[in-house]
Protein chains: 2
Amino acid sequence: MAERPGGRTARVRADVLRAAEDALIEKGFAGLDLADVARRAVVGKTTVYRRWKTVPALVADLLADMAEQSLPRTDTGSLADDLRANARLVQRTLTDPRQGPLFRAFLAAALTDSETAAALNRFYAVRVAEWAPCVADAITRGDLPADTAPDEVIRAVSAPLYYRLLTGDPPTLETADTAAAAAIAAARAGAYAVAPKIPQR
Amino acid sequence: MAERPGGRTARVRADVLRAAEDALIEKGFAGLDLADVARRAVVGKTTVYRRWKTVPALVADLLADMAEQSLPRTDTGSLADDLRANARLVQRTLTDPRQGPLFRAFLAAALTDSETAAALNRFYAVRVAEWAPCVADAITRGDLPADTAPDEVIRAVSAPLYYRLLTGDPPTLETADTAAAAAIAAARAGAYAVAPKIPQR
């Protein structure tokens, strides 16, 4: 039977992923259970087991869906404004009443489960690739050294916000703005330069 | 009955904390169980329950003990060398065959348990207070702006290393050296300045 995009299969996936989010927020990764997710989603248990097979595979699909749905970057033409917008988006996500506990569950799972770590890594790779062009544009404009690694600058913006979350101190708007300003200052000083290639003889 | 320091009570604590480490590495926070820890430590179950009461309290005591035992800072007289030594120490800890899994277990627990988050926060406060004087000394020498917040610089060195761990990519020696260099560049540019006090009318 042919399935149209947005048809029954897509609806089942959306319902199951939403239920997986709810269960993750409520019970964490260790408490996640495919039968419970099926019940919450009002979807047949067999469908969930056949399609997702394991809890880590379901969480990986949830992260893949979040990467697909995630917002496009800001493009103001100013590196400081772009990176501040990026930092504030990360800060809002990590302190959001729903997204915050969800990301804490992802991070806790990734620290102990390698399949989830790989899925989370892919999620961040998508987000970094979305935002890296604002650094590349700044390099083109001459605002940053030519050998700056754009990915490293984007990761440097996120790092202090996640570190604050880890040390039990939710990141504030000030943390976000400081993270953006620090990343730019370090990038200007050449701290994120791509390692120079060894010349071939 | 009087107890000498280093006597039976101290030995019991050392044995129980070592057993708690083993159990955390093997089973994670969710799998930690006071009876299992007592069995591993070859200590009476009643002693463990009476003295530590709960799993989060035992983990908090383990972190308190680690803070007490932790190494003094490096003092080379050069900010760049001190912060690189700090970054490399954090990198070695997070990738150590025993300390790495132990810290991943602490972090995963702290993300979902507020008592462990508070205990981990106290552990990092001790480590930050140990290393902050190398930044304060650099300020005194005129190497950094006078209004730099020493604690923020130390936290900025650790953040990228922990972020790498979270995103499933263990921090390397290069990550450590980049983190130290980036923190210094950002500090020199004034990114970690203490917020100016609003003048009183």
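Another point: the relation of the copies chain B and chain A. Superposing chain B onto chain A takes a rotation of 180° combined with a translation of 0.0 Å along the rotation axis, leaving an RMSD of 0.0 Å. Both copies of the chain, as the preceding transformation shows, are related through a two-fold rotation axis. Nearest to the rotation axis, the C-alpha of Ala108(B) is located 2.1 Å from it, this being the minimum over chain B. Most of the interface of chain B is mirrored in chain A: 100% of its interface residues are interface residues there too.

The next point concerns the domain arrangement of chain A. Residues and elements named next belong to chain A. By domain assignment, chain A separates into domain 1 (8–53) and domain 2 (67–188). Together domain 1 and domain 2 conceal approximately 720 Å² of surface at their shared face, both sides included; 63% is due to carbon and sulfur atoms. Of all residues in domain 1, Leu24, Ile25 and Phe29 give up the largest surface area on contact with domain 2, accounting jointly for 67% of the area buried on that side. Our enumeration of links across domain 1 and domain 2 arrives at three salt bridges. If you look at where domain 1 meets domain 2, you find two residue pairs in polar contact (both at pLDDT 80 or more).

The biggest cluster of nonpolar side chains holds 144 residues, and the ones touching the most others in it are Leu83(A), Phe106(A), Leu83(B) and Phe106(B). Discounting residues that sit within four places of it in the chain, Leu83(A) has contacts with Cys134(A), Val135(A), Val153(A), Ile154(A), Val157(A), Ala180(A) and Ile184(A).

Turning our eyes to something else, we now look at the interface of chain B and chain A. With 28 residues of chain B in contact, the opposing surface of chain A contributes 28 residues. It is Leu111(B), Tyr163(B) and Leu166(B) that lose the most area in chain B upon contact with chain A, and together they represent 30% of the buried surface on that side. At the boundary of chain B with chain A, the tally comes to four residue pairs in polar contact (both at pLDDT 80 or more). Among the elements of the structure, α6 (99–112), α7 (114–140), α8 (150–166) and α9 (173–188) of chain B are those that each provide at least two residues to the side of chain B that touches chain A. Residue contributions to the side of chain B that touches chain A peak at eight residues, all from α8(B).

So, on to helix α6 (residues 99–112) of chain A. Residue and element names in this part refer to chain A. Under the 1.5 Å per step criterion, the end-to-end length of α6 is 20 Å for 14 residues, consistent within 8% with the ideal 20 Å. Most of α6 is tucked away, with 10 of its 14 residues classed as buried. All of the buried residues along α6 are Gly100, Leu102, Phe103, Ala105, Phe106, Leu107, Ala108, Ala109, Ala110 and Leu111.

About the criteria used
Residues numbered from 1 in each chain as written. Chains lettered and ligands numbered in written order. Predicted model: local features only at pLDDT ≥ 70, side-chain atom pairs only at ≥ 80, totals over all residues. Heavy atoms only, no water. Least-squares fit on C-alpha atoms with pLDDT ≥ 70 in both. Contact = heavy atoms within 4.5 Å. Domains from an automatic or database assignment. Buried area = accessible area lost by both parts, 1.4 Å probe. Salt bridge = Lys/Arg side-chain N within 4 Å of Asp/Glu carboxyl O. Polar contact = N/O pair within 3.5 Å; in protein donor to acceptor, adjacent residues only side chain to side chain. Core = buried A, V, L, I, M, F, W, Y, C linked by side-chain atoms within 4.5 Å. Buried < 20%, exposed > 50% of the residue type's maximum accessible area, 1.4 Å probe, protein only. Helix = DSSP H or I, 4+ residues; strand = E, 2+ residues; numbered from the N terminus. Expected span 1.5 Å × (residues − 1).

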